[in-house]
Amino acid sequence: PYDVSYRDHYHVQYQWDRAYYQGRYYAYFGAVPIILTLLPFKLLTGENLPIIFAALMFALAAVAGLFALTRTIVTSFFPEAPFGALILAILGVIAVSSVPWALRRSLIYELSTLSGIAFAIWGVLLTLRTVLTLRDDHAPSHGALIRIAIGSLLAGGFSALAVGCRPTM
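A brief report on the enclosed structure follows. (Residues numbered from 1 in each chain as written. Predicted model: local features only at pLDDT ≥ 70, side-chain atom pairs only at ≥ 80, totals over all residues. Heavy atoms only, no water.)

Okay, the overall build of the protein next. For the protein, the count of helices and strands is seven helices and two strands. The secondary structure elements of the protein, listed N-terminal to C-terminal, are α-β-β-α-α-α-α-α-α. Taken against the 2.2 N^0.38 rule, which gives 15 Å for 169 residues, the C-alpha radius of gyration of the protein at 19 Å runs more than 25% over that of a compact globule. A total of 169 residues make up the protein; the buried ones form 33% of that total. Pairs at least 24 apart in sequence give 63% of the contacts found in the protein among residues at least 6 apart. Accessible surface, the protein as shown: approximately 10500 Å² in total, 69% of it carbon and sulfur. One way to put it: in the protein the 11 positive side-chain charges average out to a point 5 Å from where the 8 negative ones average out. (Helix = DSSP H or I, 4+ residues; strand = E, 2+ residues; numbered from the N terminus. Rg over C-alpha atoms; globule rule 2.2 N^0.38 Å. Buried < 20%, exposed > 50% of the residue type's maximum accessible area, 1.4 Å probe, protein only. Contact = heavy atoms within 4.5 Å. Areas by Shrake-Rupley, 256 points an atom, 1.4 Å probe, with all protein chains shown as cover. Lys, Arg positive; Asp, Glu negative; His and termini not counted. Charge placed at Lys NZ, Arg CZ, Asp CG, Glu CD.)

Structure, rendered in structure tokens:
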């Protein structure tokens, strides 16, 4: 069922990853990417946003998050690492992430994957930065406490959005 070219060639009708069982409707991808990208675009313009553009937006957000996360890890835990090692680490992390794979074709499945990845990465990044703020400030100032509170709320929010994109996240 996952081979689009086979289904198209043999005119097989298949509803992607959905099931109606004992009065309940199941889909393992969530509505968050639809609500955050496709629906507002439709309401604002009256047109449908191609899924490839929504997927590209989330892919760029994921890559930016991976860049920031890798940079935070390297500069916090390996401060003596040369700049070239930082760049290689960033490129390596992006290359082995699912982001390039998910952009190969952009169906609703990849949109939920990319959006979940983007939100999960930003949740982890904000959590790490919050923990590092706590670690570095032995007696946190009022401003640091506000940053910690906001970072914690945003990290939790992004993590919840990741689950809303794809519950398996």
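Back to the write-up after that little detour.
Quick look at helix α2 (residues 32-45) now. A rise of 1.5 Å per residue sets the reference length of α2, with its 14 residues, at 20 Å; its end C-alpha atoms lie 20 Å apart and thus fit the reference within 8%. Of all the bends in α2, the greatest reaches close to 30 degrees and is centred on L38; the proline P40 follows between one and four positions later. Buried within α2 we find V32, P33, T37 and L38. Elements in contact with the buried residues of α2: α3 (51-77), α6 (108-136) and α7 (142-165). In the stretch just after α2, G46 is the one whose phi turns positive, near 80 degrees. (Expected span 1.5 Å × (residues − 1). Bend = angle between axes of the 7 residues up to and from the residue.)

A few words on the pattern of salt bridges. Under the definition given, this model contains one salt bridge. For the salt bridge of R104 with E110, the shortest nitrogen-to-oxygen distance reads 3.7 Å. (Salt bridge = Lys/Arg side-chain N within 4 Å of Asp/Glu carboxyl O.)

Attention now moves to the nonpolar core. Residues F58, A62, V99, L111, L114 and F119 are the most contacted members of the largest nonpolar core, which totals 23 residues. When contributions to this core are tallied by element, the ones reaching two or more residues are α2, α3, α4 (83-96), α5 (99-102), α6 and α7. With seven residues, the top contributor of residues to this core is α3. Beyond its immediate chain neighbours, meaning those up to four positions away, L111 contacts P33, I34, L38, I51, A54, A55 and F58. (Core = buried A, V, L, I, M, F, W, Y, C linked by side-chain atoms within 4.5 Å.)

Here we take up the packing of aromatic side chains. In the structure shown here, the tally under the stated rule is two aromatic pairs. Judged by centre distance (5.8 Å) and plane angle (65 degrees), the rings of F58 and F119 are edge-to-face. On the criterion of sequence distance, the pair formed by F58 in helix α3 and F119 in helix α6 is long-range, its members being 61 residues apart. Assessed through its relative accessible area of 8%, F58 is described here as buried. Its relative accessible area of 10% is what places F119 among the buried residues. Connected via pairs of aromatic rings, a cluster forms that spans F58, F119 and F158. (Phe/Tyr/Trp six-rings, centres within 6.5 Å; stacked < 30°, edge-to-face > 60°.)

Moving on, we come to the packing of α2 against α6. Contact pair α2 / α6: the axes reach a minimum separation of 9 Å and the direction vectors enclose 100 degrees. With respect to each other, α2 and α6 are oriented roughly perpendicular. On α6, the residues touching V32, P33, I34, L36 and L38 of α2 are I108, L111, S112, S115 and F119. A class-by-class count of the residues in the contact of α2 with α6 yields eight nonpolar, two polar and no charged. (Axes fitted to C-alpha atoms, helices over the stretch in contact; angles between N-to-C directions. Parallel < 35°, antiparallel > 145°, perpendicular 65-115°, else oblique. Nonpolar A, V, L, I, M, F, W, Y, C, P; charged D, E, K, R; others polar.)

Here we take up the packing of α3 against α6. When two helices pack together, you describe them by how their axes are tilted relative to each other and by the distance separating the axes. Running from amino to carboxyl end, α3 crosses α6 at an angle of 25 degrees, the nearest separation of the two axes being 8 Å. Between α3 and α6, the interaxial angle falls into the category roughly parallel. In the packing of α3 onto α6, the handedness of the crossing is left-handed. For the contact of α3 with α6, the residue count by class is 25 nonpolar, four polar and two charged. (Left-handed = near helix turned anticlockwise from the far one by under 90°.)

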